[in-house]
Amino acid sequence: MQNLTIVTLPNAVLRQKAKTINIKDIGKLGLKELARKMIIAMRQAKGIGLAAPQIGKSIRFIVVEVLPEPLVLINPVITHSSFAKELGQEGCLSIPGQWGFVKRAIKVDVEGYTLEGKKTKLNTEGLLARVIQHEVDHLDGVLFIDKVDKSQLLGGYKL
Ligand code: CO
């Protein structure tokens with residue numbers, strides 16, 4: 001597998017609903033190699049999260065690097081979001097040069113599968129919770145620009 005290229009708007013894959021991965025196929029699909037390549041691409045682009053649609057693969061697969069160790073989740077589902085929300089500034093590797101404030105739940109619980117096919121559940125908060133929400137949105141074709149708090153827009157941004 002070659003180095004991955006991060007796709008940017010207006011690539012239509014960014015607006016598609018990504019396919020659920022059949023857990024029985026984890027071995028066959030080469031997801032360990034895909035995770036490795038996505039982590040490299042994310043780090044090279046100085047990002048802290050990357051969803052498979054951003055490298056042109058419309059599957060429910062994300063990598064996140066907020067913790068010391070990169071986190072890889074297959075078929076991630078947010079099972080609980082805190083009522084408490086906070087604004088935070090976001091950008092996206094697929095939307096170069098744009099930034100905006102987005103209101104997100106402060107805490108989320110996320111379930112998914114590991115690269116070994118084991119079910120996993122994480123209770124997250126703060127930046128990690130924000131990145132997970134951003135990446136799971138990508139799997140539904142939703143981008144942060146859809147959720148930018150317009151009252152927080154600073155001059156000069158085209159959103
Ligand atoms: Co993004």
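See the structure printed just above.
Below is a short write-up of the structure. What you see is a predicted model; the values in this text were computed from it and never measured.

**Focus on the overall build of the protein chain**
Summing up its helical and strand segments, the protein chain has two helices and seven strands in all. Element order for the protein chain, N to C, with α for helix and β for strand: α-β-β-β-β-β-β-β-α. The C-alpha atoms of the protein chain give 15 Å as radius of gyration, which agrees with the globular expectation for 159 residues (15 Å, within 12%). Considering only C-alpha atoms, the protein chain reaches an extent of 50 × 35 × 30 Å along its principal axes. Across the 159 residues in the protein chain, those meeting the buried criterion constitute 45%. When contacts within the protein chain are restricted to residue pairs at least 6 apart in sequence, those whose partners lie at least 24 apart make up 66%. Summed over its atoms, the accessible surface of the protein chain is roughly 8,600 Å², and 53% of this surface lies on carbon and sulfur atoms. For the protein chain, the distance from the average position of its 23 positive side-chain charges to the average position of its 15 negative side-chain charges is 4 Å.

**Some words on the sheet that holds strand β2 (residues 61-64)**
On the basis of which strands lie adjacent, the open sheet formed by five strands has the order β1-β2-β3-β6-β7 and antiparallel pairing. The two strands at the open ends of the sheet, each matched to only one other strand, are β1 (49-51) and β7 (119-125). In this sheet, adjacent strand axes meet at a mean angle of 40° when their direction is disregarded. Here helix α1 (residues 31-44) sits on the sheet in contact with β1, β2 and β3 (71-81), set at roughly 45° to β2.

**Re the nonpolar core**
Leu31, Met38, Leu50 and Phe61 are the most contacted members of the largest nonpolar core, which has 19 residues in total. Discounting chain neighbours no more than four positions away, the residues touching Met38 are Leu4, Leu50, Ala51, Ala52, Ile55, Phe61 and Val63. Ala18, Ala51, Ile62 and Val64 belong to the second-largest nonpolar core, a separate cluster that totals twelve residues.

**Remarks on the side chain of Asp109**
Residue position: Asp109 is located in strand β6 (residues 107-113). One buried charged side chain, Asp109, makes no salt bridge at all; its nearest oppositely charged neighbour is Lys121, positioned 4.6 Å away. Those residues within four positions of Asp109 in sequence are excluded, and the remaining contacts are Val77, Ile78, Thr79, His80, Lys121, Leu122 and Asn123.

**Details of α1**
Think of an α-helix as turning once every 3.6 residues; residues three or four places apart then point the same way. With 14 residues, α1 should cover 20 Å at 1.5 Å per step; its first-to-last C-alpha distance of 20 Å lies within 8% of that length. Buried within α1 are the following residues: Leu31, Leu34, Ala35, Lys37, Met38, Ile39, Ala41 and Met42. Here the buried face of α1 lies against β1, β2 and β3. Following α1 by one or two positions, Lys46 adopts a phi angle in the positive range, close to 60°.

**Structural notes on the coordination of the cobalt ion**
Coordination of the cobalt ion by the protein comes from Cys92 (SG), His134 (NE2) and His138 (NE2), over a distance range of 2.1 to 2.3 Å. Donor residues binding the cobalt ion come from one chain and are separated in sequence as C-x41-H-x3-H. Of this pair, Cys92 sits in the loop between β4 (85-90) and β5 (100-105) while His134 sits in helix α2 (residues 126-139), placing them 42 residues apart in sequence. Like His134, Cys92 is buried.

**Considering the pattern of salt bridges**
Pairing is possible between side chains of opposite charge, provided their charged atoms come close. Considering all chains together, one arrives at 13 salt bridges under this definition. With its nearest N and O atoms 3.1 Å apart, the salt bridge here joins Lys28 to Asp25. A residue is classified by how much of its surface remains accessible, and Lys28, at 71% relative accessible area, is exposed. Residue Glu33 pairs with Arg36 through a salt bridge whose shortest N-O separation is 3.2 Å. Here Arg36 and Glu33 lie together in helix α1, a separation of three residues that amounts to about one turn.

Rules used in this analysis
Residues numbered from 1 in each chain as written. Predicted model: local features only at pLDDT ≥ 70, side-chain atom pairs only at ≥ 80, totals over all residues. Heavy atoms only, no water. Helix = DSSP H or I, 4+ residues; strand = E, 2+ residues; numbered from the N terminus. Rg over C-alpha atoms; globule rule 2.2 N^0.38 Å. Buried < 20%, exposed > 50% of the residue type's maximum accessible area, 1.4 Å probe, protein only. Contact = heavy atoms within 4.5 Å. Areas by Shrake-Rupley, 256 points an atom, 1.4 Å probe, with all protein chains shown as cover. Lys, Arg positive; Asp, Glu negative; His and termini not counted. Charge placed at Lys NZ, Arg CZ, Asp CG, Glu CD. Pairing = 2+ DSSP bridges. Axes fitted to C-alpha atoms, helices over the stretch in contact; angles between N-to-C directions. Core = buried A, V, L, I, M, F, W, Y, C linked by side-chain atoms within 4.5 Å. Salt bridge = Lys/Arg side-chain N within 4 Å of Asp/Glu carboxyl O. Expected span 1.5 Å × (residues − 1). Donors = N, O, S within 2.8 Å, 3.2 Å for Na, K, Ca; no water.

Any functional reading would require information beyond the geometric quantities listed.
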